[in-house]
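# Summary of structural features
Residue strings, one per chain:
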Amino acid sequence: MPKVRQDAWSHEDDLLLAETVLRHIREGSTQLKAFDEVGDVLNRTSAACGFRWNAEIRQKYEQAVDLAKKQRKEKKRNEASFAQPVMTAQPQVNKSHEPPKKSQATVMDLSQVISYLETLQDNDYKQTTLNEEIQKLEEENQNLIQTNQKLQSQLDSLKEDYQAFISIMDRARKMTMFDEQDIVSKPFFRMEKNGNLEHLAK
């Protein structure tokens, strides 16, 4: 089903959008993915969800956003700490001439390092995606500002035209009143048989 834009956002819609965005922030995901997820649920476009979040909802959840970011940092710190090579005990002196055997701790350390590198790569990808999302939202915001300026200019022009129209109508009304007064006050005469003029009341 194609997504359609709906103008009315209910309280439940706003709450769903806020909870989804905060969850994605805590999990180290991107807001764009959150907008996509909410858009699928509410049958709205991702851009509409993003605009709603930035224009209306985000300012109400500033503390929650900061807390979610702290939780994300703590999660990454724990992952990085877990990925650090485990300190092993001091190796015992090998009195024999047999080659030393690889301990299980060394193998685990290598696996953790690989996991850590993969996490770094994934974070780099998420950062790139986030930067693209921010750039896209900035472009959309700039387009909205330009559209708003055009509409404001058109509104100002309409106001000027309306004022000019009102002024013309007012002048026309006054001219009509003057013409009616001239007609009412204009005297009427007729010629009598003796040649004198007689004033006639209208």
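Computed from a prediction, not measured in an experiment: that's the story for all the values here. (Residues numbered from 1 in each chain as written. Predicted model: local features only at pLDDT ≥ 70, side-chain atom pairs only at ≥ 80, totals over all residues. Heavy atoms only, no water.)

## Digging into the overall build of the chain
Helix and strand counts for the chain come out as five helices and two strands. Mapped from its N terminus to its C terminus, the chain presents α and β elements in the order α-α-α-α-α-β-β. Looking at the 202 residues of the chain, the share that counts as buried comes to 17%. Here the contacts in the chain between residues at least 6 apart in sequence split such that 61% fall between residues at least 24 apart. Per element, the accessible surface of the chain, about 16400 Å² overall, is 56% carbon and sulfur. (Helix = DSSP H or I, 4+ residues; strand = E, 2+ residues; numbered from the N terminus. Buried < 20%, exposed > 50% of the residue type's maximum accessible area, 1.4 Å probe, protein only. Contact = heavy atoms within 4.5 Å. Areas by Shrake-Rupley, 256 points an atom, 1.4 Å probe, with all protein chains shown as cover.)

## A look at the nonpolar core
Grouped together as the largest cluster of nonpolar side chains are 15 residues, with contacts concentrated most on L17, V21, F35, C49 and W53. Of all the elements in the fold, those that place two or more residues in this core are α1 (11-26), α2 (31-42), α3 (46-57) and α4 (62-83). Here this core takes five residues from α1, the largest share from any one element. (Core = buried A, V, L, I, M, F, W, Y, C linked by side-chain atoms within 4.5 Å.)

## Some thoughts on unusual backbone geometry
For N43, which is not glycine, the phi torsion reads 60° and is therefore positive. You can see N43 is positioned in the loop between α2 and α3.

## Things to note about the side chain of R44
Mapped onto the elements, R44 comes out in the loop between α2 and α3. Judged by its relative accessible area of 1%, R44 is buried. One polar contact links the side chain of R44 to the main-chain carbonyl oxygen of A8, over a distance of 2.7 Å. (Polar contact = N/O pair within 3.5 Å; in protein donor to acceptor, adjacent residues only side chain to side chain.)

## Side note on the pattern of salt bridges
On inspection of all chains with the given rule, the structure shows six salt bridges. A salt bridge links D14 to R52, with the nearest nitrogen and oxygen atoms 2.8 Å apart. Within this pair, whereas D14 is found in helix α1, its partner R52 is found in helix α3, the two being separated by 38 residues in sequence. Pair check on accessibility: D14 and R52 agree, each one buried. One network of salt bridges, in which partners are shared, links D170, R173 and K174. (Salt bridge = Lys/Arg side-chain N within 4 Å of Asp/Glu carboxyl O.)

## A closer look at α1
Counted at 1.5 Å a residue, the expected span for α1 with its 16 residues is 22 Å, and the 23 Å between its end C-alpha atoms agrees. Among the residues making up α1, those that are buried are D13, D14, L17, A18, T20, V21, L22, H24 and I25. Taken from the residues just after α1, G28 is the one with a positive phi, measuring 80°. (Expected span 1.5 Å × (residues − 1).)

## Considerations on the confidence of the model for the chain
Summarising the model, the chain shows a mean pLDDT of 79, and 74% of its residues fall at 70 or more. Scored below 50 in pLDDT, residues 102-107 makes one contact in the model with residues more than four places away or belonging to other chains. (pLDDT = per-residue confidence, 0-100.)

## Here we look at the packing of aromatic side chains
Tallied over the entire structure, the rule returns zero aromatic pairs. Lying across the ring of W9, R44 places its NZ or CZ 3.9 Å from the centre. (Phe/Tyr/Trp six-rings, centres within 6.5 Å; stacked < 30°, edge-to-face > 60°. Lys NZ or Arg CZ within 6 Å of the ring centre and 35° of its normal.)

## Things to note about the packing of α2 against α3
At a closest axis distance of 8 Å, the pairing of α2 and α3 adopts a crossing angle of 115°. What the angle tells us is that α2 and α3 run roughly perpendicular. Between α2 and α3 lies a crossing whose hand is right-handed. Taking contact as the criterion, the partners of Q31, L32, F35, D36, V38 and G39 in α2 are, on α3, S46, C49, G50 and W53. Here the residues of the contact of α2 with α3 are counted per class, giving five nonpolar, four polar and one charged. (Axes fitted to C-alpha atoms, helices over the stretch in contact; angles between N-to-C directions. Parallel < 35°, antiparallel > 145°, perpendicular 65-115°, else oblique. Left-handed = near helix turned anticlockwise from the far one by under 90°. Nonpolar A, V, L, I, M, F, W, Y, C, P; charged D, E, K, R; others polar.)

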